[in-house]
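Each chain, written out:
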Amino acid sequence: MKALVLSGGAGTRLRPFSHSMPKQLIPIANRPVLEHVLANIRDLGVVEVGVIVGDRYAQIAAAIGDGSRLGLKVTYIHQDEPRGLAHCVVLAREFLGDDDFVMYLGDNMLPDGVGDIAREFAQKRPAAQVVVHKVADPRSFGVAELDSAGRIERLVEKPQEPRSDLALIGVYFFTPAIHEAAGAISPSARGELEITDAIQWLVTHGAQVTASEYSGYWRDTGRVDDVLECNSKLLEGVVSCVEGEVDAASELIGPIVVEKGARVIASRIVGPVIVGAGTTVEHSRIGPNTSIADACVLRHTSIGSSIVLEGAQVTDVQGLHHSLIGRMACIGGAPGPAPHHRLVVGDHTRIEVAV
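Cut-off values and rules
- Residues numbered from 1 in each chain as written.
- Predicted model: local features only at pLDDT ≥ 70, side-chain atom pairs only at ≥ 80, totals over all residues.
- Heavy atoms only, no water.
- Phe/Tyr/Trp six-rings, centres within 6.5 Å; stacked < 30°, edge-to-face > 60°.
- Helix = DSSP H or I, 4+ residues; strand = E, 2+ residues; numbered from the N terminus.
- Lys NZ or Arg CZ within 6 Å of the ring centre and 35° of its normal.
- Buried < 20%, exposed > 50% of the residue type's maximum accessible area, 1.4 Å probe, protein only.
- Polar contact = N/O pair within 3.5 Å; in protein donor to acceptor, adjacent residues only side chain to side chain.
- Contact = heavy atoms within 4.5 Å.
- Pairing = 2+ DSSP bridges.
- Arc of directions from axis to C-beta.
- Core = buried A, V, L, I, M, F, W, Y, C linked by side-chain atoms within 4.5 Å.
- Axes fitted to C-alpha atoms, helices over the stretch in contact; angles between N-to-C directions.
- Parallel < 35°, antiparallel > 145°, perpendicular 65-115°, else oblique.
- Left-handed = near helix turned anticlockwise from the far one by under 90°.
- Nonpolar A, V, L, I, M, F, W, Y, C, P; charged D, E, K, R; others polar.

Visitor: Mind laying out the packing of aromatic side chains, listing which residues take part and the relevant values?
Guide: In this structure the tally under the stated criterion is 5 aromatic pairs. Ring geometry for tyrosine 57 against tyrosine 76: centres 5.3 Å apart, planes inclined by 75°, an arrangement best described as edge-to-face. Taken together, the residues span a long stretch of sequence, with tyrosine 57 in helix H3 (residues 57-64) and tyrosine 76 in strand S5 (residues 73-78) at a distance of 19 residues. Members of the aromatic cluster, each reached through a chain of ring pairs, are Phe101, Tyr172 and Phe174. Above the ring of phenylalanine 95, the side-chain terminus of lysine 2 is found at 5.0 Å from the ring centroid.

Visitor: I'd like a rundown of unusual backbone geometry, residues and numbers included.
Guide: Between glycine 271 and the following residue, proline 272, the backbone shows a cis peptide bond with an omega angle of 5°. In this structure, proline 288 follows glycine 287 across a cis peptide bond, with omega equal to -5°. Summarising the element assignment, proline 288 is placed in the loop between strand S22 (285-286) and strand S23 (290-292). The phi dihedral of alanine 29 falls on the positive side, at around 50°, and the residue is not glycine.

Visitor: Which residues make up the side chain of lysine 2, and what are the values?
Guide: Here lysine 2 shows up in strand S1 (residues 2-7). Looking at lysine 2, the relative accessible area reads 10%, which means it is buried. Separated by 3.3 Å, the side chains of lysine 2 and aspartate 99 make a polar contact. Apart from residues no more than four positions distant in its own chain, lysine 2 is found in contact with Val46, Glu48, Phe95, Leu96, Asp99, Asp100, Phe101 and Val102.

Visitor: Before we move on, can you summarise the pairing of strand S11 (residues 166-174) with the specific residues and values?
Guide: Extensive coverage of S11 is indicated by the burial of 9 of its 9 residues. Taken together, the 4 bridges between strand S6 (residues 101-105) and S11 define a ladder with antiparallel strand orientation. Opposite methionine 103, over in S11, you have tyrosine 172 as the bridge partner.

Visitor: Give me the sheet that holds strand S21 (residues 280-282): which residues, what numbers.
Guide: Taken in spatial order, the 7 strands line up as S15-S18-S21-S24-S27-S30-S32 in an open sheet, and their pairing is parallel. The open sheet terminates on both sides in strands that have one partner only, identified here as strand S15 (245-246) and strand S32 (350-354). Sheet analysis places S15 next to strand S18 (residues 263-265), joined by 2 bridges and oriented parallel. From the neighbouring strand, valine 246 faces S18, where its bridge partner is valine 264.

Visitor: Now, about H3: what can you tell me, with residues and values included?
Guide: Buried residues of H3: Ile60, Ala61 and Ile64, and no others. Across the axial projection of H3, the buried residues extend over an arc of 100°, all falling on one side. For H3, the exposed residues lying more than 90 degrees away from the buried face are Ala58 and Ala62. Buried residues belonging to H3 abut S1, helix H2 (33-43), strand S4 (48-53) and S5.

Visitor: I'd like a rundown of the environment of alanine 266, residues and numbers included.
Guide: Mapping alanine 266 onto the fold places it in the loop between S18 and strand S19 (268-270). Spatially, the C-alpha atom of alanine 266 lies 6.0 Å from that of glutamate 282, the residues being 16 residues apart in sequence. Among all residues touching alanine 266, those that are not within four sequence positions of it are Asp247, Ala249, Ser250, His283, Ser284 and Arg285.

Visitor: Describe the nonpolar core, with residues and values.
Guide: Core analysis: the biggest nonpolar cluster contains 50 residues, and Val5, Leu38, Ile41, Val49, Leu110, Phe173 and Tyr214 have the highest contact counts within it. Broken down by secondary-structure element, the contributors of at least two residues to this core are S1, H2, S4, H3, S6, helix H6 (115-124), S11 and helix H9 (224-235). Core analysis: the second largest hydrophobic core is formed by 36 residues, Ile52, Cys88, Ile195 and Ala211 among them.

Visitor: Kindly report on the packing of helix H7 (residues 177-184) against helix H8 (residues 195-204), identifying the contributing residues and their values.
Guide: When two helices pack together, their arrangement is given by the angle between their axes and by how far apart the axes lie. Contact geometry for H7 and H8: axes closest at 8 Å, N-to-C directions at 115°. Relative to H8, the element H7 is oriented roughly perpendicular. As H7 runs across H8, the sense of the crossing is right-handed. Here H7 contributes Ala177, Ile178, Glu180, Ala181, Ala182 and Ala184 to the contact with H8, which in turn contributes Ile195, Ala198, Trp201 and Leu202. A breakdown of the residues in the contact of H7 with H8 according to their chemical character gives 9 nonpolar, no polar and 1 charged.

Visitor: Describe in detail the sheet that holds strand S25 (residues 302-304), supporting the description with residues and values.
Guide: If you walk across this open sheet you meet the 5 strands as S16-S19-S22-S25-S28, and the pairing is parallel. The sheet terminates laterally at strand S16 (251-253) and strand S28 (320-321), the two strands that pair on one side only. Strand direction decides the pairing type here: S22 and S25, joined by 2 bridges, are parallel. Within S25, the residue paired with isoleucine 286 across the bridge is isoleucine 303.

Visitor: Quick one: what's the story with H8, residue by residue and with numbers?
Guide: Burial analysis of H8 places 8 of its 10 residues in the buried class, which makes it a mostly covered element. For H8, every residue scored as buried is listed here: Ile195, Thr196, Ala198, Ile199, Gln200, Trp201, Leu202 and Val203. Directly after H8, the chain includes glycine 206, whose backbone phi takes a positive value near 85°.

Here's what the structure looks like:
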């Protein structure tokens, strides 16, 4: 089996961050979302991975490389502009050959993995097997309608009156039968080759198409709030490891990672928290549920349930929570009538907030 990972989207819901970095590289627990995705794929025993990239190819390639660091062999496949998920299958035809493959959206987080579903696919080998998850409001998703045996009868994109609460969540298993289907469909009203149309083509032409329910934690990391929630969820698995410097005036409570070269000075950290390599935390209160990337500086600051990206500096700001601070951002406190409790600050931004 091979894998096809889709990482070419524009990420408009994650602006301002997606102006300067692909949404798939937003860090969750100090690792890019895409790296979490690739680790899940590796855990399936898959080695060969095709990654669909757009105009952010250079940034993604710089972060992931040839995949060897993750135990994978990565091939990059360029898409000139978003033309639909089925168009990605068409583009990857040469790479995929006649192998079965898993297709995985590169901004999806399924930390519990899909190993059981992959084994089910390998044993039964339907033409296609989609991964679904029960959602409260299916109107924002592609929805699978099943018969009593769990076979798909119909797929409906963003139905106004859903007949099912089983949403497609961006993981699909395919045999080579999908190539004929992807080549047979026409662009949708929005000008894209929809994977739901290709799967529906298989259903209409009598192929076996099934659905498997994923009941674990799942988030599409397309919005800031989802990124922060997912960060908190993954930090639950942190195991304490202190390789940096922590002075005698500091207090560490709970699971905390202090990476090499980091310094914690006269500060209180309540886990789960990750402090990245080369970061300085001084006279500050950090956590819980907070990840701080490499080479950051936090002084006279308190922050919790937040993400601080590489190279950011936060000084003299108290009471920050549910915040996302961009790379190389510089935030300072200034006299004012009221504190800012939540900040979403893009890369290379310099601001002062009232304290």
